[in-house]
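Fold and geometry: a report
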Amino acid sequence: MAEPRYDPAEIEPRWQAVWEREHAWEVSNEPDERPKAYVLEMLPYPSGEPHIGHLKTYSVGDAIAHFRRRNGYRVLHPMGYDAFGLPAENHAIKTGVHPRESTRASIEAFQRQFRAWGISIDWTREFGTHEPRYYRWTQWIFLQLLRRGLAYRREAAVKWCPNDATVLANEQVIDGRCERCGAEVEVRQLEQWFFRITDYADRLLDDLDTIDWPAHVKTMQRNWIGRSEGAEVVFRCEELGIDYPVFTTRPDTLFGATFFVMAPEHPDVFRLAAGTDREPEVHEYVNHALNESAEARGDADKPKTGVPLGRTVTNPVNGERLPVYVADYVLMEYGTGAIMGVPAHDERDFEFARTHGLAIRQVIDCGEELPCTGDGPMVNSGPFDGRHNREAYDEIVQWLDREGRGHASVNYRLRDWLVSRQRYWGCPIPVVYCERCGIVPVPEEDLPVVLPDVEDYAPKGRSPLAAAEDWVSTTCPSCDGPARRETDTMDTFVDSSWYFLRYCDPDNDRAAWDRAAVDLWMPVDQYIGGVEHAILHLMYARFFCKALTDMEHLDVSEPFQSLFTQGMVTRAGAKMSKSKGNTVDPADISDRYGADTARCYVLFIGPPDQDVDWSDEGVEGTHRFLARLWRLGAELAETTDAAGAVPAAPEGDDLVLLRKAHWAIEKVTGDMRRFAFNTAISAVHELVNEAYRLRGSAGAGALRFAAETAASLVFPFAPHVGADVYDRLTGRQVWTERWPEADPDLLATDSFTLVVQVNGKVRDRLEAPASATPDELKALAREADNVRAHIDGRDVVKEVVVPGKLVNLVVR
RNA sequence: GCGGGCGUGGCGGAACGGUAGACGCUCCGGCCUUAGGAGCCGGUGGGCCUCACGGCCCGUGGGGGUUCGAAUCCCUCCGCCCGCACCA
């Protein structure tokens, strides 16, 4: 008989066919006695071929899905594609291939890989966000937001990427550059569509406390929302009779204000300067500031420039006249676009005052050098002198309120979400512009507004859709007069802000979802993805659910109950990238070693939430391990009898091996719960190693139990090997088997290794009965040979006993 | 600058405040073999003593502290990584 050989190329397709035939991973929306679990990995963006990061994400998610299933849950584990977006369109511009084509090819590559990896997906729920049957409902959601006043159109200074020729959301600008292409962004005044996410700032902040997410992700969201409490204070320009409110977090420093500054974009800058001798200077400064790149202007280290407007405003608390400046360190988009300058207690104002020779007046005695932001008694503050600033804070705000010169106020860093894009490959915005009726939503029954084909995708500063005249030109749904369609498309983040809802009811052609289906599955119990989505996607999806819940289309205030962010896979410590030529193609790995090896290795390599470094030699080790397990199972299946029962009262090596098996069950189960897949796989290694060591001495029953258990425990990571070995030994389908439970009798031992320390240093180890009392352990410890040598002639002043573990003798 | 994380053998990494280095890679040795880059078995942090059994010392980025006992907790310094950054 030929030596049995582990052959993943034969095993893997065979089991994949079984799962497909048996619809093993499909779940229905019909009631069921099992509790539900919705396990979801972030849907892939189909561009090119899947890379190693995808392998890791879906290996983590699949392990969790399998573990939940075998613990009695009905698991929803679907898949889709975030298919609209710039890369496909840029590819189209270069090659002329329609984005639909390149996207289709990429989706097929992903489908092939997911099947080849044996990921347990319910394929009946699959869709791409670019399919009209999906984006019809993206448009429907847009209309709901519009009706509710949460979608609106306004002209604003927006971030414009000159390379991609489109506007960007605030969140898509990193260090003044386009997140996608790295080009420096410009600021343009344009009319754009926004979603009013700022209405939800407080709830997005507060509800973070209700969800089980990594602390750093919550922190990032909190910082992004950037809530600050303070006061709005009104300064009046007496000459022109205009009030200028400012936002400050430090109303307690109002008496220290010595100047007033406006942002260059402030609409009143020219008005204030008009007619003063500063006018030409102001024009020159503002023009220069507005032309400066966002990056250069954002540099906090550059000198604080600015020019006076030749006007003054009055400080409401003391009637002082403060000179007004325009300076580019003040941002139009935060607060009111104007600030009071308190140089003694703000670093930036201090710097500005120094370069412009402005007065610096200390109003809080914080016991440090100026500028200081600490607390202390107030000085130079009229009636508040001597009071502690924190105490006086509220009184000052109340006083302002009474006088009508201000009130308590909260400001956010969060901006409304700019969702229109002047690009082709996206979801059309379902509105038309009518000469008579203005902006008119497309009636729901006319959805979807289908994305038309165009010849030329090249960006020209307006959407390529504008060239599709037949499509653009339409009639007004309201008055039947001539109208033109909106030619901008939606940010792709809109598409991915609700896909997890559609999985619950993917084929519904009467509604985006049926409430019962969504109520059944939502929220997602375990969400898995990269930390790079910590802000954008995760914040937008939360906003959508809250808005849709407010409109009573849902009852889901938080979509993702629990979040797991997995780390990157690097190589030689560096991020994999095509330009560096250090990529690992997951398809190559599964071709050479099998999908089980690829999946198992990427989890074994290190803790899944951390970055891990890929090593080609390491893969071989994992392959060796799976081959060892498979051969053990195959040999036992051929040479021993399935009827050979597990001994009821095991002895000798049978007992040793069964104990190891039950130890592994306990260890793997605990590790699965805390996502410690690397140590879980190590535990299965140990079990397999032990079985090999005892192959000659343990009985067939114990050996078979060890191999079965190893197969069962490894199944969430290496489903094909797990299923195959389990089937050979038991004839049963491991995925329908309950997750094993450790036998407490076999977990317990009647003796343990007692560690004996003298003064905290390990001096001996000895076998002690598990039943020994602390006094007996102390006695045993004192008798140990090597311990005696260390305590002879000295006084034992203290004995510490940790039952089941150690004794520490403290001597002097 | 602010916030968060990390620092353990040649490498990836283990370790409820209680045996530091599980498991894997690498390397070395043995067995098996016509052969083996397959497989099986064993060894592998550094230094020292011992023919040997075994024993001693050092060791988790540096320094200090808490504790019977610290990789783990606290303080401080150094280094690396991530996020935010003129947000008033």
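Note that the structure is predicted; figures quoted are calculated from it, not measured.

So, the overall build of chain A
- Looking only at helices and strands, chain A features 27 helices and 32 strands.
- Reported as C-alpha extents along the three principal axes, the dimensions of chain A are approximately 105 × 85 × 50 Å.
- Considering chain A as a whole, with its 812 residues, one finds that 55% of them fall into the buried category.
- Counting only contacts in chain A whose residues sit at least 6 apart along the sequence, the fraction spanning at least 24 positions is 72%.
- Here chain A carries 91 positive and 130 negative side-chain charges, and the mean point of each set is 1 Å from the other.

Things to note about helix α7 (residues 215-225)
- Along α7, the residues that are buried comprise V217, K218, Q221, W224 and I225. Within α7, the buried residues cover an arc of 125 degrees as seen down the axis, which keeps them to one side. Among the exposed residues of α7, those oriented more than 90 degrees off its buried face are A215 and N223.
- The inward-facing, buried residues of α7 contact α6 (201-206), α17 (536-550) and β25 (563-566).
- Just past α7, the residue G226 takes up positive phi, approximately 55 degrees.

Here's the deal with the packing of helix α20 (residues 616-639) against helix α23 (residues 700-714)
- At their nearest, the axes of α20 and α23 sit 10 Å apart, and the two run at 140 degrees to each other. Judged on the interaxial angle alone, α23 and α20 are oblique. Crossing of α20 over α23 shows left-handed handedness. Contacts between α20 and α23 involve F625, L626, L629, L632, L636 and A637 on the former and, on the latter, L703, R704, A707, A710, A711 and V714.
- Classifying every residue of the contact of α20 with α23 by side-chain character gives 11 nonpolar, no polar and one charged.

Looking at the protein's contact with RNA strand B
- Looking at RNA strand B, there are 54 residues lining it, with T249, K304, Y334, R348 and N808 nearest.
- Of everything in RNA strand B that lies within 4 Å of the protein, sugar and phosphate atoms constitute 70%.
- In this structure, a phosphate oxygen belonging to RNA strand B sits 2.7 Å away from a side-chain N or O atom of R413.
- At a separation of 3.3 Å, a base nitrogen of RNA strand B approaches a polar side-chain atom of Q757.
- Of all the elements, helix α22 (residues 677-693) adds the most residues to the surface near RNA strand B, at eight residues.
- Here the surface near RNA strand B is composed, by residue class, of 18 nonpolar, 15 polar and 21 charged.

A look at the state of the cysteines
- Applying the stated criterion across every chain yields a total of one disulfide.
- Here C366 connects covalently by a disulfide to C372, the sulfurs 1.8 Å from one another. Residues C366 and C372 are joined by a disulfide whose S-S torsion is about -100 degrees; by sign, that bridge is left-handed.
- In this structure C161 is not part of a disulfide, and its nearest cysteine sulfur, from C181, lies 3.5 Å away.
- In this structure C178 is not part of a disulfide, and its nearest cysteine sulfur, from C181, lies 3.7 Å away.

So, empty space enclosed by the protein
- Counting across every chain of the model gives one cavity of 30 Å³ or more.
- Lining the largest cavity we find 17 residues, and of these G85, L86, R421, D491 and T492 sit closest to its centre.
- Of all elements in the fold, only α3 (86-95), β6 (166-168), β23 (489-490) and α14 (492-495) reach the threshold of two or more residues within the lining of the largest cavity.
- Considering only residue class, the lining of the largest cavity consists of five nonpolar, six polar and six charged.

Observations regarding the pairing of strand β20 (residues 438-441)
- Pairing of strand β19 (residues 431-434) with β20, which is carried by four bridges, proceeds in the antiparallel orientation. Looking across to β20, one finds that V431 is bridged to P441.

A few points about the sheet that holds strand β21 (residues 473-475)
- Strand order in this open sheet of four strands is β20-β19-β22-β21, and the pairing throughout is antiparallel. With partners counted over all chains shown, the strands left at the sheet margins are β20 and β21, one partner each. Here the average twist between neighbouring strands, direction ignored, is 40 degrees.

Scoring rules and cut-offs
Residues numbered from 1 in each chain as written. Chains lettered and ligands numbered in written order. Predicted model: local features only at pLDDT ≥ 70, side-chain atom pairs only at ≥ 80, totals over all residues. Heavy atoms only, no water. Helix = DSSP H or I, 4+ residues; strand = E, 2+ residues; numbered from the N terminus. Buried < 20%, exposed > 50% of the residue type's maximum accessible area, 1.4 Å probe, protein only. Contact = heavy atoms within 4.5 Å. Lys, Arg positive; Asp, Glu negative; His and termini not counted. Charge placed at Lys NZ, Arg CZ, Asp CG, Glu CD. Arc of directions from axis to C-beta. Axes fitted to C-alpha atoms, helices over the stretch in contact; angles between N-to-C directions. Parallel < 35°, antiparallel > 145°, perpendicular 65-115°, else oblique. Left-handed = near helix turned anticlockwise from the far one by under 90°. Nonpolar A, V, L, I, M, F, W, Y, C, P; charged D, E, K, R; others polar. Near = heavy atom within 4 Å. Polar contact = N/O pair within 3.5 Å; in protein donor to acceptor, adjacent residues only side chain to side chain. Disulfide = S-S within 2.5 Å. 1 Å grid on protein atoms, 1.4 Å probe; cavity = no way out; pocket = protein on both sides within 12 Å on 5 of 7 lines; lining within 4 Å. Points joined across faces, edges and corners; volume = space filled by probe spheres on them. Pairing = 2+ DSSP bridges.

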